[in-house]
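So the chains spell out like this:
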Amino acid sequence: MTAGIIALAAITLLIGGAFAGLLVEGAHDFSGAWAAFDPYLLRVVRFTLWQAILSTLLSVIPALFVARALSRHPRFLGRAFILQLFAVPLALPAIVAALGILALYGRAGYFAGLFSAIGGGGWPGIYGLSGILVAHIFFNLPLSVRLLLEALQTIPADQWRLASQLGMGARPAFRLIEWPTLRAALPGVAGLVFMLCITSFTIVLTLGGGPAATTLEVGIYQALRFDFDPARAVALTLLQIALTFVVVLALTRLGANVVGDTNLPVAPRRYLSVNGTEASLNAALIVLALLFVVGPMAATVAAGLGADLGRLAGEAAVRQATLTSAVLAFLSALLSVMLSLALTMARRALALGRRAGPRTLLEHATDTGAGFVLVVPPIVIGAGWFLLLRHAGDVFAVAPVMVVTVNAVMAMPFALRAVRPAYDAASERHERLCAQLGIAGWARLRLVDWPSLRRPLATAFAFAMALSLGDLGVIALFGSDSVQTLPYLLLARMGSYRTEDAAGLALLLGFVCLAFVLAADWLGREKVGNV
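Residues numbered from 1 in each chain as written. Predicted model: local features only at pLDDT ≥ 70, side-chain atom pairs only at ≥ 80, totals over all residues. Heavy atoms only, no water.

### Looking at the overall build of the protein chain
The following threshold applies: Think of it this way: any DSSP run of H or I at least four residues long counts as a helix, any run of E at least two long counts as a strand, and we number them from the N terminus. Radius of gyration: over C-alpha atoms. The globule rule applied is 2.2 Å multiplied by the number of residues raised to the 0.38 power. Remark: exposure states derive from per-residue accessible area (1.4 Å probe, protein chains only) relative to the maximum for the residue type, with buried under 20%, exposed over 50%, and partly exposed in between. Should any heavy atoms of two residues lie within 4.5 Å, those residues are counted as being in contact. Only the protein chains shown count as cover for residues, with accessible areas throughout obtained via the Shrake-Rupley method and a probe of 1.4 Å. Charge assignment in this entry is limited to Lys and Arg as positive and Asp and Glu as negative, and neither His nor the chain termini are counted. The atoms used to mark charge sites are NZ of Lys, CZ of Arg, CG of Asp and CD of Glu.
Within the protein chain, the secondary structure is distributed over 22 helices and zero strands. Relative to the compact-globule value of 24 Å for 531 residues, the protein chain shows a C-alpha radius of gyration of 24 Å, a close match. Out of the 531 residues belonging to the protein chain, those deemed buried represent 52%. Counted over contacts in the protein chain with a minimum sequence separation of 6, partners at least 24 positions apart contribute 83%. Accessible surface for the protein chain amounts to roughly 24,000 Å². Of this, 68% is attributable to carbon and sulfur atoms. The positive charge centre, built from 37 side chains, and the negative charge centre, built from 26, are 10 Å apart in the protein chain.

Printed below as a string of structure tokens:
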């Protein structure tokens, strides 16, 4: 119980400190913060919403047809492998995906010659709104396909059997059977994608290309790191919080899964009758979507292998950044797992102690407290602490602490999903026996709960470490020449036009993050298999 209260206090301190920094700065320069609500800020808000709306439409509408195509062909060649590939973008750091998209569609990309020939002139590249949209579609199209396919697989087999007996064709089957299910799932899927796009930072920072394509989060970063305009940063941050709060509230009402869990039961369904024309169209759709998703990943690998990896490995800056990333990610993952376990144990203890009656405020806090971090993006927390700490000394000196704590808390919603069900199940089995034998505290955790929690904790740790390794949000604000992580060094090499080095670093970073996410997925599956 005490550990859970300490965990709640730590989360409250982190988020509350960020808000305190914003309030202090706003009160100190209220007129400046008010004056920051100018046409530029309105333009930034308009672009933030516009790119999120376009990204959502361009991701979800094609995903409807691809998901339906996959649903209509449960024995499509390589279907399970395609679905696994569609999960890979979720594991890639955004900056790695941005490098892959530039290697493919950029001014000097693999397709630059083709686009120049089609356009009849020089290919200007993909920086700006087009680059942002392509990157967002790369991440969110496969996510939407998996979520919509999961919804389609909930249709009872009896309905398909009846449709087959009635000789129902593709159009009436879509109108009478598939569309009602898709329509019910669409608001949640679209809301989740919109939320991810409106809080996108790294993609807009790397592919935005200038002030004309700036979102609120990038505006906060630019106001603090380049213009050093705290009043504008406060105004931008408040607007970002308001927007995210409204979106999360809408998602909650729509019943969307804001953590984005896309575990798919891939059991084949029968009783489908598909004619040759429809099969050809569906196959073309699936192949096109597959090529779109695989293209940037293949380009990342090809460009990375073209870099001088031996020289990069020998550079002191690369070795130092790799070591810094590994240490900070390890500490962040460890802290995230400890906080999640403490909250889970406290929530369970409070629920058992309550027996009946309404839940207390503390129980509510241990249950949903970690979810509040989804309302406050990392760049907002970083901005608040940046403004608060600049009055106390050198803000860049606390970069490791900020990176570890913010990334740990941001990974908690995912870690809780892995730890909580296993702990609740173990508690259900052992609670009475432990009470009779008087086993509690560390002895109970070591002797009774550890065998059940070992794999879920490892899953949570691996996933949290992958998230922390690829994060650029906080280190972009607090990073300096003395504290650099791999994403920060990659961004610096991109900024100095050392694209070959950036491609090599992207390959290394992407490979490490993918390995950790695959390990987390494998550990999670093993856990299920052992139940």
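After that view of the structure, there is still more to cover.
### As for the packing of helix α4 (residues 79–91) against helix α7 (residues 129–152)
What counts here: Note on geometry: axes are lines fitted to C-alpha atoms, helical ones only across the stretch in contact, with angles between N-to-C directions running from 0 to 180 degrees. Here the angle decides the label: under 35 degrees means roughly parallel, over 145 means roughly antiparallel, 65 to 115 means roughly perpendicular, and every other value means oblique. Two helices that cross are described as forming a left-handed crossing if the nearer one is turned anticlockwise from the farther one by less than a right angle, and a right-handed crossing if clockwise.
The interhelical angle for the contact between α4 and α7, taken along N-to-C directions, is 130°, at an axis separation of 8 Å. Relative to α7, the element α4 lies oblique. In this structure, the crossing between α4 and α7 has a hand that is left-handed. In this structure, α4 contributes Arg-79, Leu-83, Gln-84, Phe-86, Ala-87, Pro-89 and Leu-90 to the contact, and α7 contributes Phe-138, Phe-139, Pro-142, Leu-143, Val-145, Arg-146 and Leu-149.

### A short note on unusual backbone geometry
If a residue is not glycine, its phi is most likely negative; likewise, a peptide bond is most likely trans. The phi dihedral of Phe-228 is positive, around 40°, even though this residue is not glycine. Residue placement: Phe-228 occurs in the loop between α11 (216–225) and α12 (230–254). Here the phi dihedral of Tyr-497 falls at roughly 60°; this positive angle occurs in a residue that is not glycine. By the element assignment, Tyr-497 lies in the loop between α21 (486–495) and α22 (499–530).

### Here we look at the packing of helix α15 (residues 316–354) against helix α18 (residues 399–437)
The cut-off we apply is this: For this scheme, ten residues count as nonpolar: Ala, Val, Leu, Ile, Met, Phe, Trp, Tyr, Cys and Pro. Four count as charged, namely Asp, Glu, Lys and Arg, and the remainder, Gly too, count as polar.
Interhelical geometry of α15 versus α18 gives an angle of 40° and a closest axis separation of 5 Å. The angle between the axes of α15 and α18 places the two elements in the oblique class. Regarding α15 and α18, the two cross each other, and that crossing is right-handed. When grouped by side-chain class, the residues that make up the contact of α15 with α18 number 19 nonpolar, seven polar and six charged.

### Points about the environment of Phe-174
Secondary-structure assignment places Phe-174 in helix α9 (residues 170–198). Through-space distance from the C-alpha of Phe-174 to that of Val-204 is 37 Å; in sequence the pair is 30 residues apart. Here Phe-174 is in contact with Arg-68, Trp-179, Pro-180 and Leu-182, once residues within four sequence places are set aside.

### What to know about the pattern of salt bridges
Rules: For salt bridges, the criterion is a side-chain nitrogen of Lys or Arg within 4 Å of an Asp or Glu carboxyl oxygen.
If you walk through the whole model with that rule in mind, you get 18 salt bridges. The partner of Glu-431 in a salt bridge is Arg-444, with the nearest N and O atoms 3.0 Å apart. With Glu-431 in helix α18 and Arg-444 in helix α19 (residues 441–470), the pair connects residues that are 13 residues apart, well separated along the chain. Its relative accessible area of 25% is what places Glu-431 among the partly exposed residues. Asp-449 serves as the salt-bridge partner of Arg-444, at 3.1 Å between the closest nitrogen and oxygen. Side by side, Arg-444 and Asp-449 carry an identical accessibility label, which is buried. One network of salt bridges, in which partners are shared, links Asp-308, Arg-311, Glu-315, Arg-493, Arg-498 and Asp-501.

### Things to note about the domain arrangement of the protein chain
Stated formally: In this entry, domain limits derive from an automatic or database-based domain assignment. Summed over both partners, the accessible area (1.4 Å probe) lost when two parts come together is defined as the buried area.
In terms of domain boundaries, the protein chain breaks down into domain 1 (1–36 + 308–526) and domain 2 (37–191 + 201–216 + 252–306). Here the C-alpha centroids of domain 1 and domain 2 sit 28 Å apart. Taken residue by residue, the interface counts 31 residues in domain 1 and 26 residues in domain 2. Summed over both partners, the interface of domain 1 with domain 2 buries about 2,200 Å², with 74% contributed by carbon and sulfur atoms. Per-residue buried area on domain 1 facing domain 2 is highest for Arg-417, Met-494 and Leu-507; these three make up 22% of the total on that side. Scanning the region where domain 1 abuts domain 2 turns up zero salt bridges. Only α2 (30–35), α18, α20 (473–478), α21 and α22 provide two or more residues apiece to the side of domain 1 that touches domain 2. Here the side of domain 1 that touches domain 2 takes 12 residues from α22, the largest share from any one element. Grouping the constituent residues of the side of domain 1 that touches domain 2 by class yields 23 nonpolar, four polar and four charged.

### So, the layout of surface pockets
If a probe as big as a water molecule is rolled over the atoms, it shows which places are left empty. Put simply, the rule reads: Cavities and pockets were defined on a 1 Å grid built from protein atoms only: a cavity is a group of points that admits a 1.4 Å probe but offers it no way out, a pocket is an open group of points flanked by protein on both sides within 12 Å along at least five of seven lines, and a lining residue is one with an atom within 4 Å of any such point. Grid points are joined across faces, edges and corners, and a volume is the space filled by probe spheres set on the points.
Looking at the second largest pocket, its volume works out to about 1,100 Å³. Residue lining of the second largest pocket: 42 residues in total, with Leu-102, Tyr-127, Thr-206, Met-494 and Tyr-497 positioned closest to the centre. Broken down by secondary-structure element, the contributors of at least two residues to the lining of the second largest pocket are α5 (94–105), α10 (202–207), α11, α13 (276–305), α21 and α22. Classifying every residue of the lining of the second largest pocket gives 26 nonpolar, 13 polar and three charged.

### Some details on helix α1 (residues 2–28)
What counts is decided by this rule: Multiplying 1.5 Å by the helix residue count minus one yields the expected span of that helix.
With 27 residues, α1 extends 37 Å from end C-alpha to end C-alpha; this agrees with the ideal 39 Å at 1.5 Å per step. Turning to α1, its buried residues number three or more, namely Gly-4, Ala-7, Leu-8, Ile-11, Leu-14, Ile-15, Gly-17, Ala-18, Gly-21, Leu-22, Glu-25 and Gly-26.

### Re α18
We count it as follows: Note on bend: the value at a residue is the angle between axes fitted to the seven residues ending there and to the seven starting there.
The end-to-end C-alpha distance of α18, which contains 39 residues, comes to just 46 Å, noticeably less than the 57 Å that a straight helix rising 1.5 Å per residue would cover. At His-430, α18 is bent by approximately 55°, the largest bend along its length. Downstream of α18 by a residue or two, Gly-438 has a phi angle that is positive, lying close to 70°.

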